[in-house]
Amino acid sequence: MAKQKQQRAKRVDTNPRGAAAQKPRSSIDIPFLVLVLILLVFGLIMLFSASYVTAIDKTGDMYYYFRRQITWAAIGLGVMFLVMIIKMSTIKKLVPLIMVLNLGLLAATLVMGRVGGGAQRWLMIGGIRFQPSEITKIAIVLFFAYYISRHYKAITDPVSPRKSPAARFLIPRREILVLLFMLALNAGLVILEPHYSGAIILVVVGIIILFAAGVPFHWFVKLAVVLATAAAVLLTFGHNYVQRRWNSYLDPFADMRGDSWQIVQSLYAIGSGGLLGVGLGNSVQKHLYLPEPQNDFIFAIVCEELGVVGAILVIVLFALLIWRGFSIALKSNDVFHRLTVIGIMTLVSVQFILNIAVVTHLVPVTGISLPFFSYGGTALLILLAEMGLVLNISRYSVK
Amino acid sequence: MKKKKRASMKKRIVWLMVLFLVLGFIPITGQVVNVGIRQHEQLQSDAVEQQTRNTVISPQRGTIYDTNLKPLAESATVETCYLSPVTIPEDQKRLVAQKLSQILGVDYNKTYEQTLKTNQYEVVKKKLEKEDADAVRAFINEFNVKGVHLAEDTKRYYPYGDFLAHVLGFTGTDNQGLYGLELQYDDVLTGTRGRVVTAKDAAGNALPFQYEDYETAQSGTSIVLTIDEVIQHVAEKYLEEAVLQNAVADRGVAIVVDVETGAVLAMAVEPDFDPNNPYTLDYSTQLRIDNIVDDEARSAARNEALQYMWSNKAVTDTYYPGSVFKIFTAAMGLEEGVVKPDDQFYCSGVMQVEEWEIHCHVRRGHGQESFVKGVLNSCNPVFMTVAQRLGSNTFYKYMDAFGFLEKTGIDLPGEAVGIFHTKQNFNIVELSTAGFGQNFSVTPMQMAAGIAAVANGGKLMQPYIVKQYVDNEKNVIKNVEPVEKRQIISKTTSDTLSYILELVVTSGTGSNAYTKGYRVAGKTGTTEKIDKQNKTGLENLRIASFGAYAPANDPKIAVLVLLDEPGGPKKFGGQIAAPVVSKIIEESLPYLGVEPQYTESELQSLDITVPNMIDGFANVSDAKAYLADNGIRCRIIGNGDTVTNQMPRPNTRMPQDGMIILYTNGDAVMNEVEVPNVSGSSPYNANAMITNRSLNFSATGVYNKSGVVAVNQSPAAGTVVPLGTIVTVEFREPTSTVE
């Protein structure tokens, strides 16, 4: 029993080079922390600017959204430092539990969730309203990192154990199938809400972690074929909600009343801003033209007030954050650490890129918030916790 | 088999970074630049459009006054009802559409569509009268409706309805001039729009930071016309009467010009329209159009009918001037000395010009006649001969001088210019026919301007209709001075012509233009509408016209009356146009301060004022004695002591040889009698028929000449009237010797 346990522990903590990463070897990555804090403060300022008109209109209190957000930011910072100092091995042990908890919350959402905007995405626990799919994202990252680190050799083995050539071509090995199953299970529950953008992010993150881990390349080619087919089917026969969004993407100015109102108002905001913007606080579009400017479309207000210059500043900050995050991953020599960081940074980049792409009308409108900027307390809390995780891992870097 | 290598995680991570950068960051940065900078201007202007509330303040349009500052077209404040659709709450949209369609009579579906739009300004209805605007306000207050607004606007009113309609024209829904003076002087009348630009949020409220831009509206300038309301009214009244009586199919025109200045004192076209409702056609035309089945054809027919109705025939239509033009041939001949009043001519009824045989209107010919007699007879060969003596070059030169080859330059839109032969094609045949006014066309305005030039001693004045610009306090901003174009003929020629043309009225074809107290010089004209007859196969389409000026010894006004396609039995200018000219002159000249100069016989038939016999006389015999002393006949009814009633009433006008009926029994009800039918009777017979019934007889028109007959009477035959009532009878020459 003891031997078995020892053997298992050895297997768990083995990285590709065989070195174990049990204890922190350096201090946290200061540039990453600084970037996180800059983005957090920047985000809070823009949130206030973007939200006060809607806040007055809806509640009569111009600080309504800002006060909530800053409270959550404070709590989030606390959580970030907490996550930062917990031993990674402890966190790793909690992963299966997090996954189970997550699945439970998803199921609960479907049963007793709150309906909003035609979908059932919200859950109310202890007076706090939040989207369990936010938890699902980090849960999937952690679970993938956890599971791959335990089955690293098998998962990255270029030689398939399958006998028949057909099976070898079509069916990945059991360990990969387990991960795909978990991914499908989580994404499926999220789709049922329905929350397509959440599901898309899950799938993208899962696949990217598999890619980073080193799963043989040909599987990604085959997966791409499958996904492309699925997307085509969805657009043709899918829920008319999807189709409507697609149509509104093709010509937003055609029916400004319907789904296109938001994107047109967003473009007006960005266009009004020009190179230098109309000045912080001076957005006109936030005056009830752009619906909920504090949420998904906050970047449009950034563009209107700070111009293309301000927008590029935001893009550069995110690019630096991601670059710094990826370097932390590269400097780590533990599979679980590395994949966790990759997963988290992928979550941040995909959400960031997709959000900007939606706001600037590069892709159809879908509900993806802008990390650090968009209103949403629990999302910010989880994001900061994720940042704490990355900072924690940065302590294990090898020079 | 070579063993496959495990993939490197570091390499894969580096690849991912590149992937995010290339597939993620570069495209979004590019798109931000694209939207924020490349599409900046378009999007910004679209955004500003939705972000600002732009309220236009309509300027007050200038007033159009007649020559005595009587307003003929003025603007009053009305309101425009508009929506800012995005502001209307979803649950009120149907209510708004329903209520507004009820109050304003607009289409429910159309209004509902408007409430669904996403802009800030949708006009529901313009030109709301106060009543409707108040109803909308009440609705807004009752239901606390958001997004329904009223804005001030102005509406054009023409207080006298169809008066001067063709000259005034009318305006469109945005107060822009569409026809007539409203169009010609649109820039002057319009003024400058003001506007208020306010930034506002999507709910239509002003933004916390104030942005407001205000430009005041500048009122338009008012214009004062040369048109005199009184003379215009006279012209319209008698023209309309003639158009109705003679079933004129292609409208009538009457123009009165001040010969010295070219100022147009009256310009009437009948039938007319009401510029307050310019799109309302007359009943029969509307009926004809309604019966057209094909939509496109119907709408085309409607458009055509409207354009026809609106066009100012006096300046936009051309016609063959016919014999009235002989005034000008005579003027040229006399001025150039190729003919003298006493020159002798012989008319055989036909004249050979090259291979053409051109007839006189009297087929058997006028025989031997002097030039003056030729004018009185309106003899075609005489004028062909004069034209030939002038030669085509000289004739053409005068055509140009009299302004028949150019627009008159009157300040009205759409002026046409007559069509004349080109100089190259103006040969002997064309010259001969042009001599008596055939085979070329002119506008009525060109004709009237030419006649005025003959009358005033030979100078062609540019006709004009606006004499002054004034501000809204009626202070003069600018005076328009008369423009003399050129001297065409000498004063001597003008005087000779006046003498001849007066003879035309006193003893020639123009006798029906005789006007009591005024010497009228004029010329008749009747032309066949050959082009239209050939085109339509219709027969007997004529234009009857009469051109005149008065007084002949000191001309003040020139008058042209033209009746296009009279449908009645009388079709000659001397028959139907001359009486209209006479009536216009008779009422205009005294108004213009020209004292009548009566002849002996006229003095005898002048009216007197009816004395008041009811008050001021002790008894009936005193009253009787008073009347006897004043040479007024009377008849006494009843045997009372005092006069209790009389007919005609005191202080009205009666013929000096008339009779007053005096009632003495306090009769409230007077003795009555039926008015006899005197139509076709001579003045003598008519007088007898009427006075036999103890009615008073008053003659108008041409009554002191043999051969004239009664053509009109008032009251009409068969009417039962009190004894002593004045029956007015109009006499005209039945004349078959019209041209």
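Because the structure is predicted, anything quoted here is derived from the model rather than measured. (Residues numbered from 1 in each chain as written. Chains lettered and ligands numbered in written order. Predicted model: local features only at pLDDT ≥ 70, side-chain atom pairs only at ≥ 80, totals over all residues.)

Q: Help me understand the overall build of chain A, please; the structure alone is not making it clear to me.
A: Tallying secondary structure elements over chain A gives 15 helices and three strands in all. Counting all 399 residues of chain A, 48% fall into the buried class. Within chain A, contacts between residues at least 6 apart in sequence are counted, and of these 71% link residues at least 24 apart. (Helix = DSSP H or I, 4+ residues; strand = E, 2+ residues; numbered from the N terminus. Buried ≥ 20, exposed ≤ 12 C-beta atoms within 10 Å, placed from the backbone. Contact = placed C-beta atoms within 7 Å.)

Q: Is there a simple way to think about the nonpolar core in this case?
A: As a rule of thumb, soluble globular proteins bury nonpolar side chains together. In this structure, I255, V257, A558, V559 and V581 of chain B are the most contacted members of the largest nonpolar core, which totals 161 residues. The greatest single-element share of this core, amounting to 10 residues, is contributed by helix α15 (residues 380-401) of chain B. V141, Y147, F297 and L381 of chain A belong to the second-largest nonpolar core, a separate cluster that totals 125 residues. (Core = buried A, V, L, I, M, F, W, Y, C linked by C-beta atoms within 7 Å.)

Q: Just to check I follow, could you spell out the pairing of strand β16 (residues 466-470) of chain B for this structure?
A: Every other side chain in a regular strand lies on the same face of the sheet, so the side chains alternate between the two faces. Residue and element names in this part refer to chain B. The sheet contact formed by strand β8 (residues 222-225) and β16 spans four bridges and is antiparallel. Bridge pairing in β16 places I223 opposite Y469. Relative to strand β17 (residues 476-479), β16 runs antiparallel, the two being bridged by three bridges. Residue pairing for β17: V470 is matched across the bridge by V476. Between β16 and β17, which pair antiparallel in sequence order, lie five residues; one of them, K474, sits at a positive phi of approximately 70°. (Pairing = 2+ DSSP bridges.)

Q: Just to check I follow, could you spell out the sheet that holds strand β29 (residues 709-714) of chain B for this structure?
A: What links the strands of a sheet is backbone hydrogen bonding, and the strands pair in either a parallel or an antiparallel sense. Residues and elements named next belong to chain B. Across the sheet, which stays open at both edges, the three strands sit in the order β28-β31-β29 with mixed pairing between neighbours. Single-partner strands in this sheet number two, and they are β28 (696-701) and β29. Taken pair by pair, the neighbouring strands of this sheet meet at an average axis angle of 30°, ignoring direction. Of the strand pairs in this sheet, β29 and strand β31 (residues 726-732) are connected by five bridges, and their pairing is antiparallel. Its bridge partner lying in β31, V709 is registered against R732. Packed onto the sheet, helix α23 (residues 683-691) meets β28, β29 and β31 and runs at close to 150° relative to β28. (Axes fitted to C-alpha atoms, helices over the stretch in contact; angles between N-to-C directions.)

Q: Any chance you could explain the confidence of the model for chain A here in plain terms?
A: Note that predicted coordinates carrying low pLDDT should not be read in detail. Here chain A averages 85 in pLDDT, and 88% of its residues register 70 or above. Taken together, the stretch residues 1-21 of chain A has pLDDT below 50 and engages in 16 contacts with residues farther than four places along the chain or on a different chain. (pLDDT = per-residue confidence, 0-100.)

Q: Sorry, what's going on with the sheet that holds strand β23 (residues 633-637) of chain B here?
A: All names here are of chain B. Strand order in the open sheet formed by three strands is β23-β26-β24, with mixed pairing between adjacent strands. Bordering the open sheet on either side are β23 and β24 (645-647), each of which pairs with just one other strand. In this sheet, adjacent strand axes meet at a mean angle of 20° when their direction is disregarded. In the sheet, β24 pairs with strand β26 (residues 659-663) via three bridges, with the strands oriented antiparallel. Along β26, the bridge assignment pairs N645 with Y663.

Q: What's the story with the packing of helix α3 (residues 93-104) of chain B against helix α4 (residues 108-115) of chain B in this structure? I'm lost.
A: The relative placement of two packed helices is expressed as an angle between their axes plus a distance between the axes. Residues and elements named next belong to chain B. Contact geometry for α3 and α4: axes closest at 8 Å, N-to-C directions at 140°. By the criterion of interaxial angle, the relationship of α3 to α4 is oblique. In this structure, α3 meets α4 at a crossing whose hand is right-handed. Residues K93, R94, V96, A97, Q98, L100 and S101 of α3 form the contact with α4, whose participating residues are Y108, T111, Y112 and T115. (Parallel < 35°, antiparallel > 145°, perpendicular 65-115°, else oblique. Left-handed = near helix turned anticlockwise from the far one by under 90°.)

Q: Quick question: what am I supposed to make of the interface of chain B and chain A here?
A: Where the parts come together, the accessible area they lose is often given as the size of the interface. Between chain B and chain A, the contact holds 38 residues from the first and 45 residues from the second. Among the elements of the structure, α1 (9-38) and α2 (40-51) of chain B are those that each provide at least two residues to the side of chain B that touches chain A. For the side of chain B that touches chain A, the leading source of residues is α1 of chain B, giving 18 residues.

Q: Help me understand helix α13 (residues 326-336) of chain B in this model?
A: Residues spaced three or four apart along an α-helix point in a common direction, a consequence of the helix completing one turn every 3.6 residues. Within α13 of chain B, 10 of the 11 residues are buried, which leaves the element mostly enclosed by the surrounding structure. Three or more residues of α13 of chain B are buried, namely K326, I327, F328, T329, A330, A331, M332, G333, L334 and E335 of chain B.

Q: Please clarify how the environment of L44 of chain A should be interpreted in this entry.
A: All names here are of chain A. If you trace the backbone, L44 turns up in helix α2 (residues 30-59). In this structure, the C-alpha to C-alpha distance between L44 and S374, residues 330 residues apart in sequence, is 8.8 Å. Leave out the neighbours within four places in its chain, and L44 touches Q69, I70 and A73.

Q: Looking at this model, I keep getting lost on unusual backbone geometry. Mind explaining?
A: Of note, the bond from E270 of chain B into P271 of chain B is cis; its omega dihedral lies within 30 degrees of zero at 0°. The residue P271 of chain B is located in the loop between β10 (264-270) and α10 (283-290) in this model. One non-glycine residue, H361 of chain A, lies in the positive phi region at around 65°. Along the polypeptide, H361 of chain A turns up in the loop between α14 (335-359) and α15 (377-394). Assessed through the 19 C-beta atoms surrounding it within 10 Å, H361 of chain A is described here as partly exposed. Even without a glycine there, the phi angle at N651 of chain B is positive, about 65°. In this structure, N651 of chain B sits in the loop between β24 and β25 (653-655). You can call N651 of chain B exposed: it has 9 C-beta atoms within 10 Å.

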